[in-house]
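Listed below are the residues making up each chain.
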Amino acid sequence: MEKQRHILLAYLGRSVLLALVMATPVALLYADIQILGDSVGEWSLVELTQIGFLVATVLAFVRLARAREDERGFAVLAAGFFGCMLIRELDAVWDLVFRGLWPILVAAVASACLGYALRRGRQTLAATASFLVSRSNAVMTIGLVLLLVYSRLFGMTTLWHGLLAENYVRVFKNAAEECTELLGYSLIMAAALTYAAQRVRERRRALAGSRQEGHDSPLLQASIARRAGTRG
């Protein structure tokens, strides 16, 4: 009975969390339009939250790389991938330095992270395989498909021209596209944070277990007893 109740509560918790993730983009879009009077521009709440979620995703994989040496190649590769997406999202900032800077930064980050991952080829492959069979990968894949495929198709200008005809206003298309992108970023961040936390927690448990086994080993206990006898 206790096990079934635990399963039910865990399911309800995940459902509530997923509902909050799905509602966040719409809530921010509503705040942009109704409270801030913004048209989902470059520095709207929706856009800024996208950047914040990308930063959190990158930091999650950086944390994983620092905590687990055996997964460092994969974690660096994943952090580099989402770091490149972050650089692209901030293209307006890099254009203040000079136009066309962001592709150079993307190339530099991608080359460095890919080179590092390839040097640790076997470890990178093993860690990547571990991620691909995890539940977090399923969530992240949905987020990436939403971000890179669905939002692009849903945001096609010809689609909205055909729907609205002479009533077409670009802000409608932008709002729908950016809101869908934010949903993708939300799922990606949730998957990255969950996976990184789980793997770091597993590492800590393994280290704690090995320390406990070492402390409880017969040789160590005999050594402690001999020292105690010598002192006595």
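Keep in mind that this is a model prediction, so the values were computed, not measured.

Moving on to the overall build of the protein chain. Each helix and strand in the protein chain was counted, giving 10 helices and zero strands. The secondary structure elements of the protein chain, listed N-terminal to C-terminal, are α-α-α-α-α-α-α-α-α-α. In terms of overall size, the protein chain is more extended than a compact globule, its C-alpha atoms giving a radius of gyration of 24 Å where 232 residues would be expected to give roughly 17 Å. Dimensions of the protein chain, computed from C-alpha atoms along their principal axes, come out at roughly 95 × 55 × 30 Å. When burial is assessed residue by residue, the protein chain has 34% of its 232 residues classed as buried. Of the contacts formed within the protein chain by residues at least 6 apart in sequence, a portion of 70% connects residues at least 24 apart.

One non-glycine residue, alanine 165, lies in positive phi territory at about 50 degrees. Among the structural elements, alanine 165 can be located in the loop between helix H8 (157-164) and helix H9 (170-216).

Glancing now at the environment of glycine 121. Along the chain, glycine 121 falls in helix H6 (residues 121-132). On the basis of relative accessible area, glycine 121 is assigned to the partly exposed category, the value being 32%. Counting along the chain gives 28 residues from glycine 121 to valine 93, while the straight-line C-alpha distance between them is 35 Å.

Attention now goes to the side chain of glutamine 50. One can find glutamine 50 in helix H2 (residues 45-67). Setting aside residues up to four positions removed in sequence, glutamine 50 forms contacts with Glu89, Glu178, Glu181, Leu182 and Tyr185.

So, about the packing of aromatic side chains. For the structure on display, the rule yields eight aromatic pairs. Seen in terms of ring centroids, phenylalanine 61 and phenylalanine 74 are 5.9 Å apart; in terms of plane orientation they differ by 90 degrees. Their pairing is edge-to-face. Note that phenylalanine 61 is positioned in helix H2 and phenylalanine 74 in helix H3 (residues 72-89), a separation of 13 residues in sequence. Neither phenylalanine 61 nor phenylalanine 74 differs from the other in exposure class; each is buried. When the ring of tyrosine 150 is compared with that of phenylalanine 154, the centres are 5.6 Å apart and the planes differ by 15 degrees; the resulting orientation is stacked. Residue tyrosine 150 and its partner phenylalanine 154 are both found in helix H7 (residues 135-154); the two are separated by four residues, about one turn of the helix. Looking at tyrosine 150, the relative accessible area reads 43%, which means it is partly exposed. Three or more aromatic residues link up through ring pairs in this structure, and these residues are Phe61, Phe74, Phe81, Phe82, Phe131 and Tyr195. Its guanidinium or amino end placed over the ring of tryptophan 102, arginine 88 lies 4.6 Å from that ring's centre, counting from NZ or CZ.

Residues Phe81, Val145, Leu148, Val149, Leu153, Met156 and Leu159 make up a contiguous nonpolar surface patch of roughly 600 Å² in combined accessible area. Among the elements that line the nonpolar patch, the one with the most residues is H7, at four residues. Residue position: phenylalanine 81 is located in helix H3. On the basis of relative accessibility, which here comes to 41%, the residue phenylalanine 81 falls in the partly exposed class.

Rules and cut-offs
- Residues numbered from 1 in each chain as written.
- Predicted model: local features only at pLDDT ≥ 70, side-chain atom pairs only at ≥ 80, totals over all residues.
- Heavy atoms only, no water.
- Helix = DSSP H or I, 4+ residues; strand = E, 2+ residues; numbered from the N terminus.
- Rg over C-alpha atoms; globule rule 2.2 N^0.38 Å.
- Buried < 20%, exposed > 50% of the residue type's maximum accessible area, 1.4 Å probe, protein only.
- Contact = heavy atoms within 4.5 Å.
- Phe/Tyr/Trp six-rings, centres within 6.5 Å; stacked < 30°, edge-to-face > 60°.
- Lys NZ or Arg CZ within 6 Å of the ring centre and 35° of its normal.
- Patch = residues over 30% accessible without salt bridge, like charges linked within 9 Å, V, L, I, M, F, W, Y side chains within 5 Å.
- Areas by Shrake-Rupley, 256 points an atom, 1.4 Å probe, with all protein chains shown as cover.
- Salt bridge = Lys/Arg side-chain N within 4 Å of Asp/Glu carboxyl O.

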